[in-house]
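# Report on the structure
Below, each chain spelled out in residue letters.
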Amino acid sequence: MLIAVTALGGALRLARLDLPKAIMFDETYYAKDACFYLNLSQKVCGVDSEQTLVHPPLGKWLIAGGIKLFDYDSFGWRFAAAVAGTITIALLYLVARRLLGSTLGAGVASGLLAVDFLHLVQSRIAMLDVFVPMFGLAAFLFLLFDRDRLLGAAPTSARLGLRRPWRVAAGAAAGMAVASKWSGGLFVIAVIVLALAWEVGARRRADESRALLGALRSEGPSIIVALVLVPVSVYGLSYAGRLHGPTSTCERADGSWANQLLQHQKCMFDFHHNLEANHSYQSPPWSWLALKRPVSYYFDTASNGDYKEVLAAGSPFVWWTSALALLFVTFKWTRRRDFASPEGTILAGFAFSYLPWLVLSSNRSAVFLFYLLPAVPFMCLALGYVASRIGES
């Protein structure tokens, strides 16, 4: 099943990936920046400086990897996104299989993601967004590996120390999500909250008094190191070689590399916080699940009146039914309120990747339907959960 859904998703994402043979939407920033990262000539890249400095560099480095392999053309600059989208499908299968213990549920969840319209389109365009759910799901999977070592065993200080390799791996993956785009920071918060909630739950099952205090004392250092310091370090390392003097877009301070990094983050924050420019395709977050305002990435009209379009829109079959599935998952979770349960993990993943936008969008314009992409795997996971329960009925 894993091979089947991954192969299906990969085939859909790689087939005719080079079409259209033109720059689409924000590829004008990220494809050109990736080319610039490779130190190719201005004649090849069309630019002699980085086009946008308001996002971290890891996603651009990944796009640059595709260009390095296949040259600077439409296939080359989209290849990394296609690979990331395909990997995300496999990761969702593994997460679902471990959470649900059901091949049916895992197959439904990953299969729906494989054919979801928005995820398909974002996997076929050189933008940063598709890398966030890939690294975010990897963080969830690694945290689940760590959780499975925790469940069924009484907490002890010897076992719950700093030697938690899967927790460190989760922190590194979450850091890569942030280093691709700042929206990945929501995954960092999610894994911290889940890790702490699972520790508290394990102590309550062991009838330990003051479970929260015990979890903080025993696991606080591990969580800080693995899920705070490791992501921060990964994020900082993504800027290696990218901070070298002032630019016209974001003036960087002179001094140490660390000072330049901090000043650059301040510049990025100021840009996003003060952004007031409106866009014809922007839409409020409350309307995303309803598919109220899709985004057209490419439109071309032929002489005979035929037209070609690349449209970023979710699948109504997945998105609208997932709303009902999430209500069912919420109902099931309220009966035991255990974040270590499949229901708790599904709801945490969806809530942390979507609900903050209802608040964040109040201070800025230019938010789009495709910002919901990190939540789509958890919407599919909710449908996989329902399918697994029906399969057991």
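So, here's what we can say about the structure.

Scoring rules and cut-offs
- Residue numbering note: each chain is counted from 1, following its sequence as written.
- pLDDT decides what is reported in this predicted model: residues at 70 or higher carry local features, side-chain atom pairs at 80 or more are listed and counted, and totals for whole chains, interfaces and linings draw on all residues regardless.
- Side-chain descriptors were evaluated using all non-hydrogen atoms of the structure, hydrogens and water having been removed beforehand.
- When two cysteine sulfur atoms lie within 2.5 Å, the pair is treated as a disulfide.
- Only DSSP runs of H or I covering at least 4 residues are called helices, and only runs of E covering at least 2 are called strands; the numbering of each starts at the N terminus.
- Throughout this description, buried means an accessible area under 20% of the type-specific maximum (1.4 Å probe, protein chains only), exposed means over 50%, and partly exposed covers the range between.
- Nonpolar core, defined: a set of buried Ala, Val, Leu, Ile, Met, Phe, Trp, Tyr and Cys residues in which side-chain atoms within 4.5 Å join the residues together.
- Note on contacts: a residue pair qualifies if any of its non-hydrogen atoms lie within 4.5 Å across the two residues.
- Working convention: axes come from line fits to C-alpha atoms, limited for helices to the stretch in contact. Angles between N-to-C directions cover 0 to 180 degrees.
- If an angle is under 35 degrees, it is roughly parallel; if it is over 145, roughly antiparallel; if it lies from 65 to 115, roughly perpendicular; otherwise it is oblique.
- Two helices cross in a left-handed way if the nearer one is turned anticlockwise from the farther one by less than a right angle. They cross in a right-handed way if the turn is clockwise.
- Three residue categories are used. Nonpolar comprises Ala, Val, Leu, Ile, Met, Phe, Trp, Tyr, Cys and Pro, charged comprises Asp, Glu, Lys and Arg, and polar comprises the others, including Gly.
- Expected helix span is computed as 1.5 Å times (number of residues minus one).
- To get the bend at a given residue, fit one axis to the seven residues ending there, fit another to the seven starting there, and take the angle between those axes.
- In short, DSSP must find at least two bridges between two strands for them to pair.
- Stacked, tilted and edge-to-face are the three classes applied to pairs of Phe, Tyr and Trp rings, where Trp contributes its six-membered ring and a pair requires centres within 6.5 Å; stacked means planes under 30 degrees apart, edge-to-face means over 60, and tilted covers the rest.
- Placement of a positive charge over a ring is assigned whenever Lys NZ or Arg CZ falls within 6 Å of the ring centre and within 35 degrees of the normal to the ring plane.

Let us now look at the state of the cysteines. One covalent bond between the sulfur atoms of two cysteine residues makes up a disulfide. Tallied over the entire structure, the rule returns 1 disulfide. The disulfide bridge from C35 ends at C45, spanning 1.9 Å between sulfur atoms. Note on the C35 and C45 pair: the S-S dihedral is about -75 degrees, so by sign convention the disulfide is left-handed. Of the two residues, C35 sits in helix α2 (residues 27–37) while C45 sits in helix α3 (residues 42–45), which places them 10 residues apart along the sequence. Across this residue pair, the class does not change: C35 and C45 are buried.

What follows is about the nonpolar core. Core analysis: the largest hydrophobic core is formed by 110 residues, its most contacted members being I63, Y297, W319, F370 and L381. The contacts of I63, once residues within four sequence positions are left out, are Y30, A34, G76, W77, A80, A126, M127, L128 and F131.

Our focus in this paragraph is the packing of helix α5 (residues 74–100) against helix α16 (residues 376–392). Viewed as axis vectors pointing N to C, α5 and α16 meet at an angle of 40 degrees, and their least axial separation amounts to 11 Å. By the angle between their axes, α5 is oblique relative to α16. Two packed elements cross with a definite hand, and for α5 against α16 that hand is right-handed. Counting all contacts with α5, which are made through L92, V95, A96, L99 and L100, the residues of α16 involved are P377, C380, L381, G384, Y385 and S388. Tallied by class, residues from the contact of α5 with α16 come to 9 nonpolar, 2 polar and no charged.

Spanning 27 residues, α5 covers 39 Å between terminal C-alpha atoms, matching the ideal 39 Å at 1.5 Å per step. Along α5, the sharpest kink reaches roughly 30 degrees, centred on A80. Of all 27 residues making up α5, 21 are buried, and the element is well covered by its neighbours. Trailing α5 by a residue or two, G101 shows a phi angle of about 60 degrees, which is positive.

Bringing the pairing of strand β1 (residues 295–301) into the picture now. Looking at chain direction, β1 and strand β2 (residues 307–312) are connected through 6 bridges and run antiparallel. Across the sheet, the residue bridging to T301 is Y307, located in β2. With antiparallel pairing between neighbouring strands as the criterion, β1 and β2 make up a hairpin whose turn holds 5 residues, including G305 at a positive phi of roughly 95 degrees.

For A348, the position within the fold is in helix α14 (residues 342–354). Under the relative-accessibility criterion, A348 is labelled buried at 5%. In the structure, A348 is positioned 40 residues away from K308 in sequence and 38 Å away in space, judged by C-alpha atoms.

Attention now goes to the packing of aromatic side chains. Centre-to-centre distance and the angle between the planes together describe a pair of aromatic rings. Per the counting criterion, the structure on display carries 25 aromatic pairs. Pairing W357 with Y371 gives two aromatic rings, centres 5.0 Å apart and planes at 40 degrees, and the pair type is tilted. Highlighted residues: W357 in helix α15 (residues 356–360) and Y371 in the loop between α15 and α16, separated in sequence by 14 residues. Judged by relative accessible area, which is 10%, W357 ranks as buried. Classification of Y371 as buried rests on a relative accessible area of 12%. Ring-pair connections join several aromatic residues into one group, and the members of that group are F25, W288, Y297, F350, Y354, W357, F368, F370 and Y371. One cation-aromatic arrangement involves R147 over W198; the distance from NZ or CZ to the ring centre is 5.5 Å.

The linkage connecting L19 with the following residue, P20, adopts the cis geometry, with an omega of -5 degrees. Along the chain, P20 turns up in the loop between α1 (2–14) and α2. We note that R16 has phi near 50 degrees; this positive angle belongs to a residue other than glycine. Tracing the chain through its elements places R16 in the loop between α1 and α2. When its relative accessible area of 62% is taken as the criterion, R16 is described as exposed.

With that settled, consider the environment of E27. Mapped onto the fold, E27 is located in helix α2. Given a relative accessible area of 0%, E27 falls into the buried group. In this structure, the C-alpha to C-alpha distance between E27 and A126, residues 99 residues apart in sequence, is 5.4 Å. Apart from residues lying up to four places away in sequence, E27 is in contact with A22, K32, W77, R78, I125 and A126.

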